[in-house]
Amino acid sequence: MAQTDLRALQDTEFPVPEELQANIAITSLDKIYNWSRRSSMWPLLFGLACCAIEMIGTAASRFDFSRFGFEVMRGSPRQSDLMIVSGTVTKKMIVPIVRLYNQMPEPKYVLAMGACASGGGPFKEGYNVVSGVDKYLPVDVYVPGCPPTPQALLYGMITLQKKIDGQSLANLDDVPWYGVGPSEPTPVPVLGPDIIDPRQMELIREQAQQAALEAPFGARELPAWVNPAEVAQETTVVEETQDGAEDGIDPATAARIRKREEAMARLAARRAAKGGQ
Amino acid sequence: MMDVVADKTQLDISASIELLRERWPDAISHDNRDGFSGIIVDPAQLDDVALAIRDELGFDYLSSVTGVDYLGIADHMEVVYHACRTSGGPALVFKAQTGRDDPRVPSLVSVWPGADFQEREAYDLYGIHFDGHPDLRRILLWDGFDGHPLRKDWQEAYFEEEHKPFDSRWPGGQVYRAEEKNVFGKNVRYPDDLDLGRLNDVSESDLYQGLGLGVDVQALDSDGLRTDRLVVNLGPHHPSTHGVFRMVVTLDGETIASLDPVMGYLHRNHEKIGERNSFLHNMPFTDRLDYISSMSNNLGYALAVEQLLSQGARYSPPTYRAECLRVLMVELTRIVNHLWSLGFLLNDLGAFFTPMLYANNEREKILDFFEATSGSRLMCNYMRFAGVYRDIPERIRSVANLVNDKVRDYNTMDYLTEMVNERLPRFLDEYDTLLTRNEILRERTVGVGVLLAEDAIALSTCGPLLRASGVPYDVRRADPYSIYPELDFNIPAGKNGDIYDRFLVRFQEMRESVRILKQILPRLEQSQGEAVVTKIGHTPRVPVGEAYGRVENPKGELGYYVVSEGDPKGPQNPWRYHVRAPSFINLTALGPMCVGHKVADVVTILGSIDIVLGETDR
């Protein structure tokens, strides 16, 4: 192994004498795990729709994602680490997709390629279309585009590698597969009159009961639509009548600011705890 | 009198209709609605009329079958048939009307076996029963799906309004995610009488039947050997199905006893969404049908709407340059598609990825040109009604975005000239030398997956699949459009109808495309400066009527059946937007072609049909 490769692994906290650096590296378990995992990610050979053509284009000689460690695409989920969901996910297809995901050995990652896999895309309203694969599977990286260019896909894949670099064995939320025992498989959806997510059985049962009582349940009412131009006018009026600038903020913005402040406080606490160790 | 009999198959459309009207004065009437054409046949007589149309009038090729729901306009369902002659000429349109409560028409599978999948699709999406259909099951959706989604009174879970742009969003409306409105946070809606205790989970049972666990495995004798019949499931996740396609294969030893294609894994409701969209809005959606050849999909749709705009008459080309650009793009697309399909056919044969990478190299060069012209490599969205999106750029430019990618900066015409005159012919010669007489290739393909000419016509197959069986039927010649009549090119046809012939036909078609491109280049030089963008391309006022625009796509005859019922002054969207997808209809022939071959040949036969799932499932 070249010296430069080893240097990437060196942990500066425990310096190795200069003359030994070509042969010895002292590093953390996190780093070596992450480094080896991110450097040989094998994607599942799994094309859904139009994006699959660009995915093959990315794998082909001109763009060639093997250069980044995505060495070969495997036909079997048992041999792959990464599922590139390349295209529109339909209700009929989500069943095999969840099954394939369950068959992949951990650690496993999901990359949603393109608008459809990320959120339904142009076909979102379609009756047979799942609006985003994240409704059923945990997604690590979203790549926008319709379809994303090979460059965009490569960028997404490199982003995934960066994400892996940041994972820590100490944080089980990051790497659930180091928890105790095998992790639970994702429940496989059922094709009934419409697609049924087993995790929503209770809600569906409730809906059926409500329907029996003839109480409308299916649709949620959004607040009535108001013309933003009129709202803007009204708020200006309010600001003029009230003196305090604080009171002029509408409740939604105030809530957002409060949330952000709380998040910053949590982050600071976490940093302090880390520094204390 | 012999002359009269012989002439019947030469009669033009109106004379043919008159002949039929004389024969069945009560059962056949003219379709007199504004902007509509053809005849309306009484469903009770449909069988006999169809036989006469096929046998006496010579319309041997059923191009398209589809349903239309006229709820609110006439309150009936309509089944629309387009029949053509393989010798050429326009389509004869005939329709059968039936009530909405219990829609029933006789099946025409016995007359044109190619109606099989199309009638199943109409049953699936409209609930129209085709009496006498041998296997009337849902084809795109799953058994147990709630309702028939293309009926006008069926609304999807995210339904907001009948047509776009939605009032809440335009002008200056509010933005929210459709999930927020749905209680489940998903694109789902369950019927009120849903019984969770009795869920019919077909996905599971299908899978296990595929594994042979749910069916009786019966022993039978074949060639003196005792073999078990085994059901094997190929797909929907299988590297060689070219997408999410599934085949349930019954094997007798290693020989195919029967093959049942299962599709719909990429059914993304193109036609329902198309009815909500405005006319222009559908153009980018057509890109995503056959996503390898988006340019020619655009052209078919543009032709259909242009036909509507000109109220049935053949649309006079906007400017000569626009037509030249269209043909340029479409022929380049044909090369792109055949490069891709031949590369993958070799892949299926076991020449893993090398021929495909060779072909892809050339394809990328063409995609660079597409990207410079339309802004996108794959989804070009280039054609407009009565024109194109814009002229070709003066230079093809791009920044170097990858280490091994050179900075691209070429004069477009030089780039095209070099490609058409040198690069592509050189590549084709090289590919030819490497592959065409390759012994392994011939061993695996000659005599495999044979489709006889009469079967190919009867099963409504199209494109290279039909031509390889020896039927030189090409819409560019049979029902010419654009500037094809003035171009000099041949229609390659095969003899034996096997995989090898399909390979050769595709190869020859690429050479013919290069020949067309060579004729287009001087025309482009001459017409420099002509306008290619028209106002109508962006704001069409589409009159009431129907149109069927068809083009010869690389995969076969692509047809768009568009019905407009809207008020030309109001917001406009198609009342019906049907895609006659070549990949879908060509699959009708897959089962018959595979029976008797080995399981390893199935993959190759499928590869030789050259399907793309975006178009198959729509």
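All values derive from a computational prediction rather than experimental measurement.

A. Up close: empty space enclosed by the protein. Under the defined criterion, the tally for this structure stands at 7 cavities of 30 Å³ or more. Its volume calculated, the largest cavity comes out at about 80 Å³. Residue lining of the largest cavity: A:Lys91, A:Tyr127, A:Pro193, A:Asp194, B:Phe145, B:Asp146, B:Trp154, B:Glu156, B:Ala157, B:Asn187 and B:Arg189, and that is the complete set. Across the lining of the largest cavity, the residue classes tally to 5 nonpolar, 1 polar and 5 charged. In this structure, the second largest cavity spans a volume of roughly 70 Å³. If you trace the second largest cavity, you find 13 residues lining it, with A:Cys50, A:Cys51, A:Cys116, A:Cys146 and B:Arg268 closest to the centre. Among the secondary structure elements, those contributing two or more residues to the lining of the second largest cavity are α3 (50-59) and α5 (114-119) of chain A. The dominant element in the lining of the second largest cavity, judged by the number of residues it contributes, is α5(A), at 3 residues. For the lining of the second largest cavity, the class distribution of residues is 8 nonpolar, 3 polar and 2 charged.

B. Quick peek at the packing of aromatic side chains. All names here are of chain B. This model, assessed by the stated rule, comprises 26 aromatic pairs over all chains. Between Phe117 and Phe584 the ring centres are 6.0 Å apart and the planes differ by 45°, which places this aromatic pair in the tilted class. Of this pair, Phe117 sits in helix α4 (residues 115-126) while Phe584 sits in helix α18 (residues 582-586), and the two are 467 residues apart along the sequence. Exposure class is identical for Phe117 and Phe584. Each is buried. Taking 5.1 Å as the distance between ring centres and 35° as the angle between the ring planes, the aromatic pair formed by Tyr410 and Tyr415 counts as tilted. Under the relative-accessibility criterion, Tyr415 is labelled buried at 10%. Here the aromatic residues Phe427, Tyr431, Tyr500, Phe503 and Phe507 are joined through ring pairs into a cluster of three or more. Against the face of Trp154 rests Arg189, its NZ or CZ located 5.2 Å from the ring centre.

C. Looking closely at the pairing of strand β16 (residues 545-553) of chain B. All names here are of chain B. With respect to burial, β16 is a largely interior element, 9 of its 9 residues being buried. Judged by which residues are buried, β16 turns out to be covered on both faces: Gly545, Ala547, Gly549, Val551 and Asn553 on one side and Glu546, Tyr548, Arg550 and Glu552 on the other are all buried. Hairpin connection from β16 to strand β17 (residues 556-564): 2 residues lie between these consecutive antiparallel strands.

D. Expanded view of the domain arrangement of chain B. Residues and elements named next belong to chain B. What the domain assignment reports for chain B is domain 1 (2-131) and domain 2 (270-617). The centre of domain 1, based on its C-alpha atoms, is set 28 Å off from the matching centre of domain 2. Listed per partner, the contact involves 36 residues of domain 1 and 30 residues of domain 2. When domain 1 packs against domain 2, close to 2,600 Å² is buried across both sides, 58% of that on carbon and sulfur atoms. The three residues of domain 1 that bury the most area against domain 2 are Tyr61, Thr86 and Phe117, which together make up 23% of that side's buried surface.

E. Examining the interface of chain B and chain A more closely. Of the residues lining the interface, 84 residues belong to chain B; the matching set on chain A comes to 67 residues. A per-residue breakdown of the area chain B buries against chain A is headed by B:Trp142, B:Lys186 and B:His237, which together make up 11% of the total. Inspection of the region where chain B meets chain A yields 6 salt bridges. Put simply, B:Glu179 and A:Lys135 hold a salt bridge, and the shortest N to O gap is 3.0 Å.

F. View of α4(B). Residues and elements named next belong to chain B. For α4, with 12 residues, the first-to-last C-alpha span of 16 Å sits near the 16 Å given by 1.5 Å per residue. Burial analysis of α4 places 12 of its 12 residues in the buried class, the great majority of the element. For α4, every residue scored as buried is listed here: Ala115, Asp116, Phe117, Gln118, Glu119, Arg120, Glu121, Ala122, Tyr123, Asp124, Leu125 and Tyr126. Of the residues one or two after α4, Gly127 is the one with positive phi, at around 75°.

G. Fine view of the packing of helix α10 (residues 320-348) of chain B against helix α12 (residues 412-435) of chain B. All names here are of chain B. With their axes 13 Å apart at the nearest point, α10 and α12 run at an angle of 25° to one another. Overall, the two elements α10 and α12 adopt an arrangement that is roughly parallel. In the packing of α10 onto α12, the handedness of the crossing is left-handed. In contact with Leu328, Leu332, Ile335, Leu339, Leu342, Gly343 and Leu346 of α10, α12 contributes Leu416, Met419, Leu424, Phe427, Tyr431 and Leu435. When the residues that make up the contact of α10 with α12 are grouped by side-chain class, the tally is 12 nonpolar, 1 polar and no charged.

H. A look at the side chain of B:Thr98. Residues and elements named next belong to chain B. Along the chain, Thr98 falls in strand β5 (residues 92-99). Of note is the side chain of Thr98, whose polar atom sits 3.0 Å from the backbone nitrogen of Arg104. With residues near it in sequence (within four places) discarded, Thr98 still touches His76, Met77, Pro103, Arg104 and Val105.

I. Region of the structure containing the sheet that holds strand β1 (residues 82-86) of chain A. Residues and elements named next belong to chain A. Pairing is parallel in the open sheet, where 3 strands are placed in the order β1-β2-β3. Edge positions in the sheet fall to β1 and β3 (141-143), since each of these pairs with one other strand and no more. Direction aside, neighbouring strands of the sheet carry axes that sit 20° apart on average. Pairing of β1 with strand β2 (residues 109-113) involves 5 bridges; the strand directions are parallel. When the sheet's bridge partners are listed, Leu82 is paired in β2 with Tyr109. Running over the sheet, α3 touches β1 and β2 and is turned about 130° from β1.

J. Helix α20 (residues 599-609) of chain B, seen in detail. In terms of burial, α20(B) is largely enclosed, as 9 of its 11 residues are buried. In the stretch just after α20(B), B:Asp610 is the one whose phi turns positive, near 65°.

K. The confidence of the model for chain B, seen in detail. Residues and elements named next belong to chain B. Per-residue confidence for chain B gives a mean pLDDT of 83; residues scoring 70 or more make up 89%. The secondary structure element of chain B with the lowest average pLDDT is strand β8 (residues 219-222), at 49, and the one with the highest is helix α17 (residues 499-526), at 92. A low-confidence stretch, residues 1-5 stays under pLDDT 50, and its non-local contacts, those more than four residues away or across chains, total 0 contacts.

L. Main features of a nonpolar patch on the surface. Residues and elements named next belong to chain A. Together, Leu29, Ile32, Tyr33, Leu172 and Tyr178 give the surface a local cluster of nonpolar side chains, amounting to about 430 Å² of exposed area. Assignment of secondary structure puts Tyr178 in the loop between α6 (150-165) and β4 (190-191). Classification of Tyr178 as partly exposed rests on a relative accessible area of 33%.

M. How the structure looks around the side chain of B:Asp116. All names here are of chain B. For Asp116, the position within the fold is in helix α4. A distance of 3.0 Å separates the side chain of Asp116 from the side chain of His133, its partner in a polar contact. Other than its neighbours up to four places away in sequence, Asp116 contacts Val109, His133 and Thr588.

N. Spotlight on the environment of B:Lys272. You can see B:Lys272 is positioned in helix α7 (residues 270-276). Linking B:Lys272 and B:Arg100, residues 172 residues apart in sequence, is a C-alpha distance of 18 Å. Apart from the residues lying within four places of it in its own chain, the contact partners of B:Lys272 are A:Tyr127, B:Pro149, B:Leu150, B:Arg151, B:Trp154 and B:Glu156. Of note is the side chain of B:Lys272, whose polar atom sits 3.2 Å from the backbone oxygen of B:Arg151.

About the criteria used
Residues numbered from 1 in each chain as written. Chains lettered and ligands numbered in written order. Predicted model: local features only at pLDDT ≥ 70, side-chain atom pairs only at ≥ 80, totals over all residues. Heavy atoms only, no water. 1 Å grid on protein atoms, 1.4 Å probe; cavity = no way out; pocket = protein on both sides within 12 Å on 5 of 7 lines; lining within 4 Å. Points joined across faces, edges and corners; volume = space filled by probe spheres on them. Nonpolar A, V, L, I, M, F, W, Y, C, P; charged D, E, K, R; others polar. Helix = DSSP H or I, 4+ residues; strand = E, 2+ residues; numbered from the N terminus. Phe/Tyr/Trp six-rings, centres within 6.5 Å; stacked < 30°, edge-to-face > 60°. Buried < 20%, exposed > 50% of the residue type's maximum accessible area, 1.4 Å probe, protein only. Lys NZ or Arg CZ within 6 Å of the ring centre and 35° of its normal. Pairing = 2+ DSSP bridges. Domains from an automatic or database assignment. Contact = heavy atoms within 4.5 Å. Buried area = accessible area lost by both parts, 1.4 Å probe. Salt bridge = Lys/Arg side-chain N within 4 Å of Asp/Glu carboxyl O. Expected span 1.5 Å × (residues − 1). Axes fitted to C-alpha atoms, helices over the stretch in contact; angles between N-to-C directions. Parallel < 35°, antiparallel > 145°, perpendicular 65-115°, else oblique. Left-handed = near helix turned anticlockwise from the far one by under 90°. Polar contact = N/O pair within 3.5 Å; in protein donor to acceptor, adjacent residues only side chain to side chain. pLDDT = per-residue confidence, 0-100. Patch = residues over 30% accessible without salt bridge, like charges linked within 9 Å, V, L, I, M, F, W, Y side chains within 5 Å. Areas by Shrake-Rupley, 256 points an atom, 1.4 Å probe, with all protein chains shown as cover.

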